[in-house]
Amino acid sequence: MSSRLAKLRETLVANDLDAIVITQPENRRYISGFTGSSALLLISMEHALLATDFRYYEQIGKQSPDFRLIKVESNEIGPILNNMVQETQTTRVGFECQHVTVDTHKQWADAAEGFELVPSKEIVETIRATKDQNELATIRRAVALSDGAIHHIRDVIRPGMTEKEIAWEMESYMRTHGADQLAFPIIAAAGPNGAMPHAVPSDRAILAGEPIVMDLGAHVDGYNSDLTRTVCIGEPDDKYREVYDIVLKAQLAAEEAIRPGMQGKEADAVARKVITEAGYGEYFGHGLGHGVGLAVHEKPTAGKTSEDMLLPGSVVTVEPGIYIPGWGGVRIEDMVVVTDDGVEILSQATKDPIV
Ligand code: ZN
Ligand code: ZN
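Residues numbered from 1 in each chain as written. Chains lettered and ligands numbered in written order. Predicted model: local features only at pLDDT ≥ 70, side-chain atom pairs only at ≥ 80, totals over all residues. Heavy atoms only, no water.

A look at the coordination of the zinc ion (ligand 1)
Looking at the zinc ion (ligand 1), one finds its protein donor set to be Asp215 (OD), Asp215 (OD), Asp226 (OD) and Glu333 (OE), positioned 2.0 to 2.5 Å from the metal centre. Coordination at the zinc ion (ligand 1) comes from four donor atoms whose angles at the metal span 56 to 147°, giving a geometry best classed as irregular. When the donors of the zinc ion (ligand 1) are listed by position in the chain, the intervening gaps give D-x10-D-x106-E. Metal-to-metal, the separation of the zinc ion (ligand 1) and the zinc ion (ligand 2) is 3.2 Å; Asp226 coordinates the two. One end of the pair, Asp226, is in the loop between strand S11 (223-224) and strand S12 (227-232); the other, Glu333, is in the loop between strand S17 (328-331) and strand S18 (334-338), and 107 residues separate them in sequence. Of the two residues examined, Asp226 and Glu333, each falls in the buried class. (Donors = N, O, S within 2.8 Å, 3.2 Å for Na, K, Ca; no water. Tetrahedral: all angles 85-135°; square planar, octahedral: opposite > 155°, others 65-115°. Helix = DSSP H or I, 4+ residues; strand = E, 2+ residues; numbered from the N terminus. Buried < 20%, exposed > 50% of the residue type's maximum accessible area, 1.4 Å probe, protein only.)

Given below as structure tokens:
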């Protein structure tokens, strides 16, 4: 945690802040180690304060031993923050303006004595965008679980199973092999349903010969994986082979091209060019990928307009897709970690388009 605090303090200086109050749960966990749902974290150049109530006080003692722990007895968050800031003797206090409600801000501001609340964006998120070795080790465990679920579903999938049954098979595999929970609700979308990138599994029975998009992830020790494979049972139509080949070519081209220092939009453009030149540009309606870590979607993003920098240690998805209304979709998604000269592909699940 100490190197994270050091990085945060450098960022505070660069943003002309004396301190920052952190309430976004993943950010708070990243900096303090505290995994609960309610606490105020205040970091200044010299102080690191963590305040919580009876429900979590014992827990923060175990998870955040290096922080000055404050047990709060009321839910008057204005005076609580004010007291913490007085202890640090700071005057320009950043807050996470993308996460704090108008009501919370009002309570803080009404009680503030001698300090100013400064709206701040993506302070911790930017630090989280490059992973250390411990984080990568946990992410690899989450990735292995989703890879295993694809291996498992390829063994058991049969025509007549419903999308919901496919989703449950994969969920059950990940939970019984060590996932704490799902990273997000699983997508299993067969035939025309696959044309919706975020389709919800239905009672529709799958048929041989149609594309089946499966998007899943495991959550382990706070970290997530995100994986998509598209398969067809038995003999597909010509359209499937054509579309699958284009999406795979686009994905491999992007994985081949990514270098540290590249902007997200440059990586997106590599895959988009392949799909556009094949005549399917209008059917690739989302970005190439996104960062994955404590959150399933985090920085850096790799969409059409993203100027986020891909840096060594950034973990991102590479997930081009083609979605054709009335027919279905093909998406292939890997997680990769950016290295000093390219990427290491974390996802190991087979990309064989047929089962
Ligand atoms: Zn996904
Ligand atoms: Zn994704």
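From this point, things continue past the structure.
Concerning the coordination of the zinc ion (ligand 2)
Ligation of the zinc ion (ligand 2) by protein atoms is provided by Asp226 (OD), His290 (NE2), Glu319 (OE) and Glu333 (OE), these donors lying 2.1 to 2.2 Å from the ion. Coordination at the zinc ion (ligand 2) is irregular: its four donor atoms span angles of 78 to 153° at the metal. Sequence spacing among the residues donating to the zinc ion (ligand 2) works out to D-x63-H-x28-E-x13-E. On the accessibility criterion, Asp226 (4% relative accessible area) is buried. By relative accessible area, Glu319 is classed as buried at 9%.

Section: helix H1 (residues 2-14)
Counted at 1.5 Å a residue, the expected span for H1 with its 13 residues is 18 Å, and the 19 Å between its end C-alpha atoms agrees. Residue Asp16 follows H1 closely and has a positive phi angle near 60°. (Expected span 1.5 Å × (residues − 1).)

Comments concerning the packing of helix H4 (residues 77-88) against helix H5 (residues 102-111)
Between H4 and H5, the shortest axis-to-axis distance is 7 Å and the interhelical angle comes to 55°. Judged by the inter-axis angle, H4 sits oblique to H5. Our pair here, H4 against H5, has a crossing hand that is right-handed. In this structure, H4 uses Ile77, Gly78, Pro79, Leu81 and Asn82 to contact H5, whose residues at the interface are Thr104, Gln107, Trp108 and Ala111. Here the residues of the contact of H4 with H5 are counted per class, giving five nonpolar, four polar and no charged. (Axes fitted to C-alpha atoms, helices over the stretch in contact; angles between N-to-C directions. Parallel < 35°, antiparallel > 145°, perpendicular 65-115°, else oblique. Left-handed = near helix turned anticlockwise from the far one by under 90°. Contact = heavy atoms within 4.5 Å. Nonpolar A, V, L, I, M, F, W, Y, C, P; charged D, E, K, R; others polar.)

Observations concerning the pairing of strand S14 (residues 298-302)
Within S14, four of the five residues are buried, which leaves the element mostly enclosed by the surrounding structure. Where strand S13 (residues 289-291) meets S14, two bridges bridge the pair, whose relative direction is antiparallel. Looking at S14, one finds that Gly289 is bridged to Ala302. The antiparallel hairpin formed by S13 and S14 contains six residues in its connecting segment. (Pairing = 2+ DSSP bridges.)

Looking at the domain arrangement of the protein chain
Each assigned domain of the protein chain is listed here: domain 1 (2-127) and domain 2 (133-345). A separation of 35 Å is found between the C-alpha centroids of domain 1 and domain 2. For the pair domain 1 and domain 2, the summed buried area comes to about 540 Å², and 58% of that belongs to carbon and sulfur atoms. Its largest share of buried area at the contact with domain 2, domain 1 owes to Glu26, Arg29 and Tyr30, together 61% of the area lost on that side. Here domain 1 and domain 2 share two salt bridges between them. Note that Lys299 and Glu122 form a salt bridge whose closest N and O atoms lie 3.2 Å from each other. Inspection of the domain 1/domain 2 interface yields two residue pairs in polar contact (both at pLDDT 80 or more). At the level of secondary structure, the elements contributing two or more residues to the side of domain 1 that touches domain 2 comprise helix H2 (25-32) and helix H6 (123-128). Among the elements that line the side of domain 1 that touches domain 2, the one with the most residues is H2, at three residues. (Domains from an automatic or database assignment. Buried area = accessible area lost by both parts, 1.4 Å probe. Salt bridge = Lys/Arg side-chain N within 4 Å of Asp/Glu carboxyl O. Polar contact = N/O pair within 3.5 Å; in protein donor to acceptor, adjacent residues only side chain to side chain.)

Observations regarding the side chain of Thr52
Relative to the elements of secondary structure, Thr52 occurs in strand S3 (residues 48-52). On the basis of relative accessibility, which here comes to 2%, the residue Thr52 falls in the buried class. The residues touching Thr52, leaving out its near neighbours within four places in the chain, are Ser38, Ala39, Tyr57, Ile60, Ile70, Lys71 and Val72.

Focus on the environment of Leu227
Residue position: Leu227 is located in strand S12. Between the alpha carbons of Leu227 and Thr101 there is a distance of 33 Å; along the sequence they are 126 residues apart. In contact with Leu227, other than residues within four places in its own chain, are Ser146, Asp147, Ile150, Met214, Asp215, Leu216, Glu333, Ser347 and Ala349.

Some points on the side chain of Arg28
Checked against the element boundaries, Arg28 lands in helix H2. Put simply, Arg28 is tucked away with no salt bridge, and the nearest opposite charge, on Glu96, sits 7.5 Å away. When neighbours within four sequence positions are excluded, Arg28 is seen to be in contact with Ile22, Thr23, Gly33, Phe34, Gly36, Ser37, Ser38, Ala39 and Leu41. (Lys, Arg positive; Asp, Glu negative; His and termini not counted.)

Here's the deal with the nonpolar core
Residues Leu8, Ile22, Ile31, Ile43, Leu50, Phe67 and Val315 are the most contacted members of the largest nonpolar core, which totals 32 residues. Inspection of this core shows a minimum of three residues originating in each of domain 1 (2-127) and domain 2 (133-345). Every residue in contact with Phe67, bar those within four places of it in the chain, is listed here: Leu5, Ile31, Ser32, Leu41, Ile43, Ala48 and Leu50. Residues Cys232, Val274, Ile275 and Ile322 belong to the second largest nonpolar core, which totals 27 residues. (Core = buried A, V, L, I, M, F, W, Y, C linked by side-chain atoms within 4.5 Å.)

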